[in-house]
Structure formats: structure tokens, C-alpha cells
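# Overview (structure and organization)
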Amino acid sequence: VQLQASGGGLVQPGGSLRLSCVASGSIFGISIMGWYRQVPGSQRELVARITNGGSADYTDSVKGRFTISRDNAKNTVYLQMNSLKPEDTAVYYCHVQAGLVVPTGYWGQGTQVTVSS
């Protein structure tokens, strides 16, 4: 199982980025897909997650600015980030929960998002 994240980069405050993460390999029964972020010296925190039925929830600091979506046919999850702030700077990781019998979590490699003028 491999999760390939992309879309990070350097953006000015107020700008936008779209992250993508594709799950490939022998992965079945994907349920929850999500994005986490981590800054040096801090714990990894949940940014947003979405169920296979399309229900989403967000951490308070990104509500109204970020939108998570997924394409089940492509095993892909997206994170549209608008009105970016310097405090959004972090390494963003995608996470997928899958498994037909026992749910198992998988992590992507991380993509750097830097918001700076």
C-alpha cells in the first residue's frame, strides 16, 4: 500500500493550494480519508477527514477556509486550502483507514506547505 501526496509549496498569505493524495496497491475497504499536519516540536494534528459517504469534519482553525473531498473511484483525497495564513505552515500528511475486517491506518510521506510573504 502506498499513499502519494502532492500539491504542497510556497504561497503568500491569502493564497490557495490544493493537496492531493492517491492510495495505490492492495488496499481495500477504504473508509475514512484525511489530512493531518505537523510543525517541528509539535504533535501531528488532524486538519480534516471525510468518510466514504462524504461526511466531513474539520479542526476549528480551518473551518470556512479548507475543503476536503474525495474521489472513491480513484482512491484519492483532496484538500483545497484557501485564505492561507502563516500559521498553516506545516508538513501535511494524508491518512487512510482501510480494511475489510480489521481497520488499518496508512500514512503518506508528507508534503510541505509554507505560507510566507
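The structure this text deals with has already been given above.
Report on the accompanying structure. (Residues numbered from 1 in each chain as written. Predicted model: local features only at pLDDT ≥ 70, side-chain atom pairs only at ≥ 80, totals over all residues. Heavy atoms only, no water.)

## Let's talk about the packing of aromatic side chains
Stated formally: Only rings of Phe, Tyr and Trp enter the pairing, Trp through its six-membered ring, and a pair is recorded when the two centres are within 6.5 Å. The plane angle decides the type: under 30 degrees is stacked, over 60 is edge-to-face, the rest tilted. Criterion for a charge above a ring: Lys NZ or Arg CZ within 6 Å of the ring centre, and within 35 degrees of the ring normal.
Per the stated rule, a full pass over the model turns up 2 aromatic pairs. Following the ring pairs from residue to residue traces out a cluster consisting of Y36, Y93 and W107. Sitting above the plane of the Y93 ring, R44 keeps its charged end 3.7 Å from the centroid.

## Here's the deal with the side chain of R37
Operational definition: Helix and strand definitions here come from DSSP, where helices need a minimum of 4 consecutive H or I residues and strands a minimum of 2 consecutive E residues; each element is numbered from the N-terminal end. Here the term buried applies to any residue with accessible area under 20% of the maximum for its type, exposed to any over 50%, and partly exposed to those in between, with areas from a 1.4 Å probe on protein chains only. Side-chain atoms alone can form a polar contact between residues adjacent in sequence; in general such a contact is a pair of N or O atoms within 3.5 Å, and within protein one must be able to donate a hydrogen while the other accepts it. Here, two residues are considered to be in contact whenever any of their heavy atoms come within 4.5 Å of each other.
On the secondary structure map, R37 appears in strand β4 (residues 33–38). Relative accessible area serves as the criterion here: at 6%, R37 is assigned to the buried category. Only 3.0 Å separates the side chain of R37 from the side chain of D88, close enough to count as a polar contact. Within polar-contact distance, the side chain of R37 engages the side chain of Y92 at 2.9 Å. Contact partners of R37, with chain neighbours within four places excluded, come to Q43, R44, E45, V47, S61, V62, F66, D88, A90, V91 and Y92.

## Overview of the pairing of strand β5 (residues 45–50)
We count it as follows: Strand pairing requires that DSSP identify at least two bridges connecting the strands.
Both β4 and β5 contribute to a ladder of 5 bridges, which runs antiparallel. Following the sheet pairing, W35 is matched in β5 by A48. What sits between the antiparallel neighbours β4 and β5 is a turn of 6 residues, in which G41 has the positive phi angle 85°. Strand direction decides the pairing type here: β5 and strand β6 (residues 56–58), joined by 3 bridges, are antiparallel. When the sheet's bridge partners are listed, I50 is paired in β6 with A56. Hairpin connection between β5 and β6: a loop of 5 residues separates the two successive antiparallel strands, and G54 in this loop has a positive phi of roughly 100°.

Without other data, these values stay purely geometric and don't point to any function.
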